[in-house]
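# Descriptive analysis of the structure
So the chains spell out like this:
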Protein chains: 4
Amino acid sequence: MRLLFTPQLNPASESGWRRRWFDIIFRHDTPPARNFDLLLIVAIVVSVVVIMLDSDPWLHVDHARVLYAIEWGFTLLFTAEYVMRLLVVKRPLRYALSFWGFIDLFSILPTYLSLLFPGSQALLVVRVLRMLRLFRILKLTQYVEESGVLISALWRSRRKIFLFVVSLLTIAVIFGALMYVIEGPERGFSTIPTGMYWAIVTMATVGYGDISPQTPGGRFIASVLILIGYSIIAVPTGIYTAELASSLREAGSGDEHHDHRGCPECGLEGHDPDASHCRGCGHRLPARMG
Amino acid sequence: MRLLFTPQLNPASESGWRRRWFDIIFRHDTPPARNFDLLLIVAIVVSVVVIMLDSDPWLHVDHARVLYAIEWGFTLLFTAEYVMRLLVVKRPLRYALSFWGFIDLFSILPTYLSLLFPGSQALLVVRVLRMLRLFRILKLTQYVEESGVLISALWRSRRKIFLFVVSLLTIAVIFGALMYVIEGPERGFSTIPTGMYWAIVTMATVGYGDISPQTPGGRFIASVLILIGYSIIAVPTGIYTAELASSLREAGSGDEHHDHRGCPECGLEGHDPDASHCRGCGHRLPARMG
Amino acid sequence: MRLLFTPQLNPASESGWRRRWFDIIFRHDTPPARNFDLLLIVAIVVSVVVIMLDSDPWLHVDHARVLYAIEWGFTLLFTAEYVMRLLVVKRPLRYALSFWGFIDLFSILPTYLSLLFPGSQALLVVRVLRMLRLFRILKLTQYVEESGVLISALWRSRRKIFLFVVSLLTIAVIFGALMYVIEGPERGFSTIPTGMYWAIVTMATVGYGDISPQTPGGRFIASVLILIGYSIIAVPTGIYTAELASSLREAGSGDEHHDHRGCPECGLEGHDPDASHCRGCGHRLPARMG
Amino acid sequence: MRLLFTPQLNPASESGWRRRWFDIIFRHDTPPARNFDLLLIVAIVVSVVVIMLDSDPWLHVDHARVLYAIEWGFTLLFTAEYVMRLLVVKRPLRYALSFWGFIDLFSILPTYLSLLFPGSQALLVVRVLRMLRLFRILKLTQYVEESGVLISALWRSRRKIFLFVVSLLTIAVIFGALMYVIEGPERGFSTIPTGMYWAIVTMATVGYGDISPQTPGGRFIASVLILIGYSIIAVPTGIYTAELASSLREAGSGDEHHDHRGCPECGLEGHDPDASHCRGCGHRLPARMG
């Protein structure tokens with residue numbers, strides 16, 4: 001979880017401009033850092049909107065040059081930001097190889113690649129992944145507690161959800177094969193994987209209708225599958241509700257803001273509220289504040 | 001919340017007809033006020049039904065004049081009501097600028113505008129928003145407690161639901177762009193926003209089928225998106241259920257049976273609403289108030 | 001609730017064959033009564049299946065005479081049962097005018113009517129309502145407790161569910177009218193009620209796709225409606241889960257089988273487990289057994 | 001439940017190769033047994049994938065001989081495994097007649113049958129049922145507790161879910177018949193069972209759209225059915241959530257953190273899985289086992 005949602009905030013040892021920029025880029029609790037975050041969100045949203053507009057054939061033809069210029073503007077801006085991040089962080093390689101480092105890189109790469117391979121413009125859509133950055137920023141605002149509760153409940157449900165997905169896929173294989181046999185290729189169930197796609201679309205109650213049973217037998221099997229899906233749609237909800245209720249209860253009992261103490265020796269965070277020693281190195285932890 | 005659901009009941013200082021009409025229009029707990037509310041609901045429902053009927057091309061042609069007359073009748077009635085509200089309320093401007101004031105105005109304006117601009121008749125549909133007034137009235141009846149519990153649970157979930165919607169949109173952008181690249185405009189995914197529309201329709205398990213994947217790759221991506229949507233459909237339910245359970249617990253800790261009678265003999269409370277004798281000592285209970 | 005789910009078991013005062021048949025038909029806890037119930041369920045299911053088969057045009061043509069004969073067989077059987085019910089019950093009129101009395105009558109009437117009006121055969125489908133009788137019978141078997149818990153939770157949620165349905169309809173009117181204006185009759189949104197039908201189909205995540213938005217504006221409105229629907233789909237689940245959890249807790253606390261004591265004076269049932277006097281007449285209740 | 005999910009592990013009394021193979025095949029907690037399980041899963045998944053690929057008409061034509069060979073390879077492998085299971089188990093007949101015995105047999109039979117009846121190749125899809133074996137194996141790994149909680153909650157809800165399905169079918173019969181009468185065969189509702197199929201597809205919010213109401217009356221009935229379905233979709237979720245919460249509470253009262261290490265110094269338990277030092281006294285914790 002730490003890997004996914006908190007970037008490594010390596011302390012920039014040197015004072016001077018690097019420290020100043022590190023504070024602006026990697027911290028989120030000072031006025032300049034907040035302004036930087038806000039600007040970044042706006043830039044990401046605008047650049048994603050531009051990519052979306054560019055996908056419209058009419059707009060693309062009429063405003064190709066303007067959109068291309070804006071495209072390059074954002075690419076250079078995000079490149080400058082990426083280079084700055086590499087400069088001010090203590091271990092640049094570790095950042096570059098982290099989840100966020102990859103996303104930051106992939107969100108500028110396609111524009112440069114399109115100089116070499118004209119057709120690679122379609123890869124630009126990868127930039128939308130930068131919108132995930134919103135969460136990192138929100139995490140440090142007033143939403144931190146809420147998202148923490150939601151994610152920890154999801155995280156604790158991960159094994160149950162995995163089991164659930166495996167069951168779902170097993171049922172999909174069986175019913176997909178059944179429908180392949182009963183309805184056959186001439187009614188849209190052209191292969192067993194197509195049948196599985198239909199079974200997933202059906203069980204999840206999406207029901208596009210691009211493929212649907214037409215024989216009485218197929219409709220009976222479909223009804224059975226729907227009832228099975230209807231009965232087990234309760235499972236993920238039940239899992240998540242139960243875990244969330246327990247998360248909320250924990251969050252509400254005594255300490256709502258979790259534990260912000262970092263170990264003074266090794267920097268590890270996320271200790272239990274009642275911990276007096278670091279669970280990583282055994283060093284004594286500072287007393288809790290509120 | 002007050003801004004949304006309770007109008008400012010400014011006490012009309014003067015006695016006389018203003019006070020009387022204020023009581024009728026803005027209060028909801030005296031017999032004349034209740035009759036006024038009831039009439040208003042009926043008038044709103046009937047006028048909305050008339051607008052609906054007028055939208056039917058056959059009815060419109062056959063009964064254009066009658067429908068037009070009824071239309072003007074309701075407009076004049078609601079105009080009179082709107083003027084009366086302005087007259088009896090202490091600060092008319094504040095009412096006019098409130099949420100309900102705007103809805104009341106917008107529900108009569110289109111008919112007058114249609115005199116100047118013949119095509120603006122379509123704007124009449126705004127009147128249906130007046131049906132929201134139902135809630136304001138219901139709020140003051142026996143449903144007040146129930147709706148209070150439902151709304152306060154929603155209100156307390158607002159941040160979590162916002163986070164949830166942001167995540168949903170992020171996933172929609174990513175998968176919409178993916179499908180735009182994989183399936184392409186020739187299979188209905190004409191732009192990235194169209195892909196987002198498809199992704200939202202899919203994740204929410206609506207699945208119109210107006211656009212659906214046709215290549216094996218697209219179907220695989222769709223299945224993954226469906227499983228993601230299926231897994232996180234539990235989130236809003238979980239959030240709301242947990243909050244509602246806590247709301248109910250709070251609401252219930254005071255009086256669960258909604259019967260406030262205490263036994264005059266032994267003081268026991270919590271009787272069934274239909275009880276006429278104390279279940280503890282058998283003494284006759286007082287009659288219920290309403 | 002009593003009106004809906006328990007028939008009036010008027011004690012047949014006379015001994016003899018009436019009492020015997022009353023016990024068989026209206027009671028459910030002796031071996032002959034159980035056999036009668038079982039036979040009745042089988043007869044209902046078979047007769048409904050026959051009606052279903054008869055709706056198939058191929059079967060109807062090939063086996064018209066056999067199906068017609070079976071049809072009359074079941075009608076005469078159910079008529080005999082209906083007459084017997086009227087004979088043995090103490091107040092036949094009250095039974096005939098009760099919910100179950102009407103269903104019993106309507107399930108035999110269409111066959112007789114088809115003698116006078118040949119086209120009324122389609123009304124035979126009313127008989128399927130007799131399948132609801134299953135619940136009455138199940139109520140008296142081992143499923144009584146389970147269904148009691150489910151129904152009482154639904155019953156206690158009735159006001160909240162009513163509020164929820166009213167909100168849903170209000171949203172449906174507003175969005176239906178919006179889509180009627182935006183998409184217009186040429187794209188399937190022919191009238192405002194049609195738009196409401198589309199909005200309900202969308203919000204409930206059914207999504208047939210027979211009508212779907214085709215303009216970018218309409219698709220945006222549809223996405224907003226879907227997100228609203230997605231957010232409030234949690235409401236009925238939340239309501240029901242919270243009520244059910246509380247029902248289960250009550251059912252589980254001390255006495256699982258509710259309270260079977262009837263007042264020796266006035267016969268009222270459904271007392272609180274801790275009641276020592278009848279809440280209807282104040283007479284002392286017998287001590288509880290288990 | 002034992003019948004469904006745990007095979008009879010009859011202790012093989014004889015020592016020697018039988019006991020060794022019994023341990024490998026039927027136990028799951030020694031290194032060789034785990035490797036065997038892993039190989040078996042891989043073989044099942046690969047053979048199912050091959051069947052899926054073979055269902056693709058293009059692949060079938062191009063690689064018919066290779067796929068046929070692989071098919072026979074897996075069949076011989078699973079035959080050898082089946083024979084070995086019969087040899088080492090104490091009561092071979094009991095195994096052969098068990099749920100798993102039948103699935104093991106049915107997953108090899110179709111290939112042999114296709115020698116006699118060339119057309120029976122389609123029956124091969126039965127092999128996908130072997131994927132259910134995944135659960136048996138997972139059950140004995142770290143997922144045991146999670147799946148136990150999920151299944152026991154489902155098991156305890158079985159009666160309520162049965163009642164729910166019966167209600168659903170009753171509503172489906174009534175509305176299916178209604179739509180058959182209102183919309184009629186010329187709009188797709190060709191028989192009452194077809195109407196039931198439509199009603200189930202609608203209530204479960206699948207909504208293929210292959211059959212959909214087209215008359216105003218039919219659309220009104222459909223909207224009512226959707227609202228009913230929308231209201232009762234909460235029921236299975238409510239049932240399951242309530243049961244799961246109670247299951248979790250039971251399961252959680254013993255050990256919640258799944259870390260069984262006690263501090264050798266102060267005895268404190270409940271450490272995080274990644275902790276290397278006691279959070280109470282800072283003493284080094286023993287290494288984790290599992």
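Residues numbered from 1 in each chain as written. Chains lettered and ligands numbered in written order. Predicted model: local features only at pLDDT ≥ 70, side-chain atom pairs only at ≥ 80, totals over all residues. Heavy atoms only, no water.

- Within an unreviewed UniProt entry, the label attached to chain A reads Ion transport domain-containing protein, and the organism entered is Novilysobacter luteus.
- Listed under Subcellular location (unreviewed entry) in UniProt, the entry text for chain A is "Membrane". (UniProt positions renumbered as here; feature names shortened; annotations may be inferred.)

### Side note on the overall build of chain A
- A tally of regular secondary structure across chain A gives 14 helices and zero strands.
- Element order for chain A, N to C, with α for helix and β for strand: α-α-α-α-α-α-α-α-α-α-α-α-α-α.
- The 290 residues of chain A split such that 50% are buried.
- The long-range fraction of contacts in chain A, counting pairs at least 24 apart against all pairs at least 6 apart in sequence, stands at 59%.
- Accessible area for chain A stands at about 13800 Å²; split by element, carbon and sulfur atoms hold 68% of it. (Helix = DSSP H or I, 4+ residues; strand = E, 2+ residues; numbered from the N terminus. Buried < 20%, exposed > 50% of the residue type's maximum accessible area, 1.4 Å probe, protein only. Contact = heavy atoms within 4.5 Å. Areas by Shrake-Rupley, 256 points an atom, 1.4 Å probe, with all protein chains shown as cover.)

### Let's talk about the pattern of salt bridges
- Counted by the stated rule, this structure contains twelve salt bridges over all chains.
- For Glu-81 of chain C, the salt bridge goes to Arg-85 of chain C, with nearest N and O atoms at 2.7 Å. Of the two residues, Glu-81 of chain C and Arg-85 of chain C are both situated in helix α4 (residues 57-88); the distance of four residues between them amounts to about one turn of the helix. Accessibility classification places Glu-81 of chain C together with Arg-85 of chain C in one group, the buried group.
- One salt bridge connects Glu-186 of chain C with Arg-187 of chain C, and the closest N-O pair in it is separated by 3.8 Å.
- One continuous salt-bridge network, built from bridges that share partners, spans Glu-81, Arg-85 and Asp-104 of chain A. (Salt bridge = Lys/Arg side-chain N within 4 Å of Asp/Glu carboxyl O.)

### Observations regarding the UniProt feature "transmembrane region" (unreviewed entry) in chain A
- Here, UniProt's "transmembrane region" (unreviewed entry) annotation points to residues 36-54, 66-88, 108-129, 161-182, 188-208 and 220-240 of chain A.
- As annotated, residues 188-208 of chain A comprises 57% helix and 0% strand, and the C-alpha atoms at either end are separated by 13 Å.

### Quick notes on the interface of chain C and chain D
- Tallying the contact residues gives 47 residues for chain C and 41 residues for chain D.
- Between chain C and chain D, a total of about 3800 Å² is buried, with carbon and sulfur atoms accounting for 76% of that surface.
- Summed over the shared surface of chain C and chain D, the result is zero salt bridges.
- Across the chain C-chain D interface, the total number found is six residue pairs in polar contact (both at pLDDT 80 or more).
- Broken down by secondary-structure element, the contributors of at least two residues to the side of chain C that touches chain D are α3 (31-54), α8 (133-139), α9 (144-156), α10 (158-182), α11 (192-203), α12 (216-232) and α13 (234-252) of chain C.
- Tallying contributions element by element places α13 of chain C first for the side of chain C that touches chain D, with seven residues. (Buried area = accessible area lost by both parts, 1.4 Å probe. Polar contact = N/O pair within 3.5 Å; in protein donor to acceptor, adjacent residues only side chain to side chain.)

### Observations regarding helix α2 (residues 17-26) of chain D
- All buried positions along α2 of chain D are accounted for by Phe-22, Asp-23, Ile-24, Ile-25 and Phe-26 of chain D.
- On its buried face, α2 of chain D is in contact with α3 (31-54), α5 (64-88) and α6 (92-96) of chain D.

### Some words on α10 of chain C
- Taking 1.5 Å per residue as the helical rise, α10 of chain C with its 25 residues ought to reach 36 Å, and the 36 Å between its terminal C-alpha atoms agrees with that figure.
- Once α10 of chain C ends, the next one or two residues include Gly-184 of chain C, with phi positive near 80°. (Expected span 1.5 Å × (residues − 1).)

### Quick notes on the side chain of Ser-212 of chain C
- Locating Ser-212 of chain C in the fold gives a position in the loop between α11 and α12.
- Residue classification places Ser-212 of chain C among the buried residues on the basis of a relative accessible area of 5%.
- In this structure the side chain of Ser-212 of chain C is engaged in a polar contact, spanning 3.4 Å, whose partner is the side chain of Asp-210 of chain B.
- What Ser-212 of chain C contacts, discounting residues up to four positions off in sequence, is Tyr-208 and Asp-210 of chain B together with Arg-187, Phe-189 and Trp-198 of chain C.

### Observations concerning a nonpolar patch on the surface
- A cluster of nonpolar side chains, contributed by Leu-93, Leu-97, Phe-102, Phe-106 and Leu-109 of chain A, occupies part of the molecular surface with about 480 Å² of accessible area.
- Among the secondary structure elements, Leu-109 of chain A is positioned in helix α8 (residues 109-116). (Patch = residues over 30% accessible without salt bridge, like charges linked within 9 Å, V, L, I, M, F, W, Y side chains within 5 Å.)

### Some details on the environment of Met-84 of chain B
Residues and elements named next belong to chain B.
- Tracing the backbone shows Met-84 in helix α4 (residues 57-88).
- C-alpha of Met-84 to C-alpha of Ala-33: the two residues are 51 residues apart in sequence and 14 Å apart in space.
- Non-local contacts of Met-84, meaning those with residues more than four positions away in its chain, are made with Trp-17, Trp-21 and Ile-25.

### Side note on the packing of α10 of chain C against α12 of chain C
All names here are of chain C.
- Packing of α10 against α12 brings their axes to within 10 Å, and their N-to-C directions diverge by 175°. When the interaxial angle is binned, α10 and α12 end up roughly antiparallel. Contacts between α10 and α12 pair Phe-164, Leu-168, Ile-171, Phe-175, Leu-178, Met-179 and Ile-182 from the former with Gly-217, Gly-218, Ile-221, Val-224, Leu-225, Ile-228 and Ile-232 from the latter.
- Class assignment for the residues of the contact of α10 with α12 results in twelve nonpolar, two polar and no charged. (Axes fitted to C-alpha atoms, helices over the stretch in contact; angles between N-to-C directions. Parallel < 35°, antiparallel > 145°, perpendicular 65-115°, else oblique. Nonpolar A, V, L, I, M, F, W, Y, C, P; charged D, E, K, R; others polar.)

### Side note on the nonpolar core
- Formed by 123 residues in total, the largest nonpolar core has its most connected members in Trp-198 of chain A, Trp-198 of chain B, Trp-198 of chain C together with Trp-198 of chain D.
- With residues up to four places along the chain from it excluded, the contact list for Trp-198 of chain B reads Tyr-208 of chain A together with Met-179, Phe-189, Ile-211, Ser-212, Pro-213, Ala-222 and Leu-225 of chain B. (Core = buried A, V, L, I, M, F, W, Y, C linked by side-chain atoms within 4.5 Å.)

### Things to note about the environment of Arg-91 of chain D
Residues and elements named next belong to chain D.
- Structurally, Arg-91 can be placed in the loop between α5 and α6.
- Residue Arg-91 is classed as partly exposed on the basis of its relative accessible area, which comes to 46%.
- On a C-alpha basis, the gap between Arg-91 and Phe-36 in space is 22 Å, while along the polypeptide they are 55 residues apart.

### A look at the side chain of Ser-47 of chain D
- Tracing the backbone shows Ser-47 of chain D in helix α3.
- A distance of 3.0 Å separates the side chain of Ser-47 of chain D from the backbone oxygen of Ile-44 of chain D, its partner in a polar contact.

### Digging into unusual backbone geometry
- With phi around 60°, Thr-205 of chain A is a residue other than glycine that occupies positive phi space.
- Along the chain, Thr-205 of chain A falls in the loop between α12 (192-203) and α13 (216-232).

### Details of the confidence of the model for chain A
Residue and element names in this part refer to chain A.
- Here chain A shows a mean pLDDT of 74. Residues at 70 or above account for 68%.
- The spread of mean pLDDT over the elements of chain A runs between helix α1 (residues 2-5), the lowest at 35, and α12, the highest at 91.
- Under a pLDDT of 50 for its full length, residues 1-10 has, in the predicted model, 23 contacts with residues more than four places off or in other chains.
- Segment residues 253-258: pLDDT under 50, and seven contacts once partners within four positions in sequence are set aside and those in other chains are kept.
- In the predicted assembly, ipTM is 0.73 and pTM is 0.75. (pLDDT = per-residue confidence, 0-100.)

### Overview of the environment of Phe-22 of chain B
- Tracing the chain through its elements places Phe-22 of chain B in helix α2 (residues 17-26).
- Distance in space between the C-alpha atoms of Phe-22 of chain B and Arg-85 of chain B is 7.7 Å, their sequence separation being 63 residues.

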